[in-house]
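Now for the letters of each chain:
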Amino acid sequence: MTPSSGRHEGTIVGRIFAILVTIITLISTGIFLSRIWWLPPDISQHGSAIDRQIDETMVSSGVLFVLAQLVLAFFVWRFADTNDQRKIKTFPGGATPMVVVAIILVGAEILALTLVGSRVWASIYVTAPDPNSLTIDVQAEQFAYYFRYPGPDGKFGALHPELIDASSGNFVGLDPANDTAARDDIVSASLVIPVNRPILLQLHAKDVSHAFYVPELRIQQDFVPGLVIPVHFTAIRTARTEIVCTQLCGLGHYNMRAYLEVKTDADFQKWLNEQSAQ
Amino acid sequence: MHRRNLSILALAVLVSAAAGTPLHRSAKVAVAPGSIEGTISYTGTPPKMRPIDMAKEPTCAKQHATPVMTESVDARPGNTLADVVVYVSAGDQGPAATQTVVYDQKGCQYVPHITALEVNQPMEIFNHDQTSHNIHPMSKTNPEWNKSQPPGTPPLHVTYAKPEFIPVKCNVHLWMHGYFVVLNISHSSVSNDNGKFSLKGLPPGKYTLTAWQEKFGTQTQEVTVGSGATAKADFTFKAVQY
């Protein structure tokens, strides 16, 4: 192999790589722009703010991604000829300042996204719930969710974990024998809520960490054993969708899901009455 | 112990039969076996069984036209109780049970809810669902285990060496519950949908019968079985709502 043929091969490989990088960049950008794989339609009041934030994040990081890939492709194309005679240019001061500058630039971008994004996040998660919210107690366990409504008396019965007995359907540990507030509590395996009414969920776990993820509500919140975590939202459209666990919680994690049903007020009342009658 | 004596006796019968002596089994057991029948009922208000929401497991949910109810107290018309195990707690042990007990996982339920078997009696556990189950008999005296059964896996072959009342749950579907009632006798019966049970093939004599309900506990009574006769033994549990 002569030196000249080696240079030639290097040029071809470099140019193929540059073309591939450009094609991959354009295709993946096209996939994002066409929204083939995107979040399902939003059904929550706060979701538009999240969607706007996702768009901003996607645009800013997407522009940087496309620029970086195209610059990479350009340099590979331009300097693929392995012309050893050319003088090698280095970043002023060498590799260390280059890495420092890169860290500062990337860090500034991430910090900026975090600061902007956390305002949206905080407006949803770190605000007080509407005082007229419908409060629903949520218990996550391997591998199911149970949703508890206070029943006609409007009061939740106290929880006694030692009384949990799944064989009798006492999934959360109510004490109906001694606690009158517990007798009319409704425990459901599906989360059924009225549309356009503020909902306050109180998340607690029976065993390990789980998560409450409803993409349509733009809500993803972990359950942490020992904590009661409030989550509030308002659904603005009737729907039936899935609630899934997104925190690996054991053997049956893949199978841990429940349904969210957003009903009209009348249908919700009807459902509540049916549950009370059971 | 009793069984060992029987085997020694059987050996003696064989030896003596070979020796040409007139002693043989039918001559010894000149009396016909009897049986015990009865009904399990309750007084008071039993706890309300709750519908089970299987929506998260559509392949199971669609197998049930009406929601499956919890089964811890299986109250039936006429104040009778199904799924109560009645067994001889003192008396003839019966011949060793050799037929295989079948325990099924179907429609995300254990079928039957309660099964009674004898120590060392073979049991086969099937999964006839289109979803994975993880059967977990929570034994304390016998070794505890749990096993995954994806759809289409061959049945599990199980035996228990010691008598024990073993609650069974599914580690994937927490509404699934049942019991293995492992007894050291083969004279046992589980009350049917009319709350009735029957024990057959009992040599005449005195028996102590025990009836066990998973929430209401046990009751016992003495019964005498005559030759070829059917004795009656009814049990009544006091139900509590909560």
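From a predicted model like this one, the values you see are computed outputs, not experimental measurements. Residue positions are counted from 1 within each chain, in the order its sequence is given. Each chain takes a letter, starting from A, and each ligand takes a number, starting from 1, following the order in which they are written. Only residues with pLDDT of at least 70 are given local features in this predicted model, and only at 80 or more are side-chain atom pairs given and counted; all residues enter the totals for whole chains, interfaces and linings.

Caption draft 1: Focus on the overall build of chain A. Within chain A one finds five helices and 10 strands. Restricting the calculation to C-alpha atoms gives the radius of gyration, and the globule rule supplies 2.2 Å times the number of residues raised to the power 0.38. Computed over C-alpha atoms, the radius of gyration of chain A comes to 27 Å, more than 25% over the 19 Å expected from 2.2 N^0.38 for 278 residues, which places it beyond the range of a compact globule. The C-alpha extent of chain A, read off along each of the three principal axes, is 90 × 35 × 35 Å. Three exposure classes are used, based on other C-beta atoms lying within 10 Å of a residue's own C-beta, which is placed from the backbone: buried for 20 or more, exposed for 12 or fewer, and partly exposed in between. Across the 278 residues of chain A, 22% fall into the buried class. By the convention adopted here, residues make contact when the C-beta atoms placed from their backbones lie within 7 Å. Looking at chain A alone, contacts between residues at least 24 apart form 71% of all its contacts between residues at least 6 apart. The helix and strand labels rest on DSSP assignments: H or I over at least four residues marks a helix, E over at least two residues marks a strand, and numbering proceeds from the N terminus.

Caption draft 2: Up close: the domain arrangement of chain A. Residue and element names in this part refer to chain A. By the assigned domains, chain A splits into domain 1 (1–84), domain 2 (90–127) and domain 3 (134–277). Residue ranges assigned to each domain were obtained from an automatic or database domain assignment. With centres defined by C-alpha atoms, the gap from domain 1 to domain 2 works out at 20 Å. Between domain 1 and domain 2, the contact holds eight residues from the first and seven residues from the second. The class makeup of the residues in the side of domain 1 that touches domain 2 is three nonpolar, four polar and one charged. Any residue that is not Ala, Val, Leu, Ile, Met, Phe, Trp, Tyr, Cys, Pro, Asp, Glu, Lys or Arg is counted as polar, Gly included; the first ten are nonpolar and the last four charged.

Caption draft 3: Representation of the pairing of strand β7 (residues 219–223) of chain A. Residue and element names in this part refer to chain A. A pair of strands counts as paired when DSSP detects no fewer than two bridges linking them. Here five bridges tie strand β6 (residues 210–214) to β7, and the two strands are oriented antiparallel to one another. Considered in β7, the bridge of A211 is made with D222. Between the antiparallel neighbours β6 and β7 lie four residues, among them R218 with a positive phi of about 60°.

Caption draft 4: Seen up close, the interface of chain B and chain A. In this assembly, 15 residues from chain B lie in contact with 19 residues from chain A. When the residues that make up the side of chain B that touches chain A are grouped by side-chain class, the tally is seven nonpolar, five polar and three charged.

Caption draft 5: Up close: the sheet that holds strand β6 (residues 109–111) of chain B. Residue and element names in this part refer to chain B. Within the open sheet, the four strands sit side by side as β6-β5-β8-β11. Their pairing is mixed. Sheet topology places β6 and β11 (156–158) at the edges, where each strand pairs with a single neighbour. Strand-to-strand, the axes of this sheet are offset by a mean angle of 20°, without reference to chain direction. Two elements, strand β5 (residues 101–106) and strand β8 (residues 123–127), share five bridges in a ladder whose sense is parallel. Residue pairing across strands places D104 opposite F126, the latter belonging to β8. Think of each axis as a best-fit line through the C-alpha atoms, taken over the contacting stretch in the case of a helix, with angles from 0 to 180 degrees between the N-to-C directions.

Caption draft 6: Quick look at the environment of B:D74. Residues and elements named next belong to chain B. For D74, the location among the structural elements is in strand β2 (residues 74–76). A residue is classified by how many C-beta atoms lie within 10 Å of it, and D74, with 22 of them, is buried. Between the alpha carbons of D74 and G201 there is a distance of 27 Å; along the sequence they are 127 residues apart. What D74 contacts, discounting residues up to four positions off in sequence, is L81, A82 and D83.

Caption draft 7: Looking closely at the sheet that holds strand β14 (residues 188–190) of chain B. All names here are of chain B. Pairing in this open sheet of four strands is antiparallel, and the strands run β14-β4-β16-β17 from one edge to the other. This sheet does not close on itself; its edge strands, each paired only once, are β14 and β17 (217–225). Along the sheet, successive strands turn relative to each other by an average axial angle of 25°, direction set aside. Taken together, the three bridges between strand β4 (residues 85–90) and β14 define a ladder with antiparallel strand orientation. Directly across from V85, in β14, lies its bridge partner V190.

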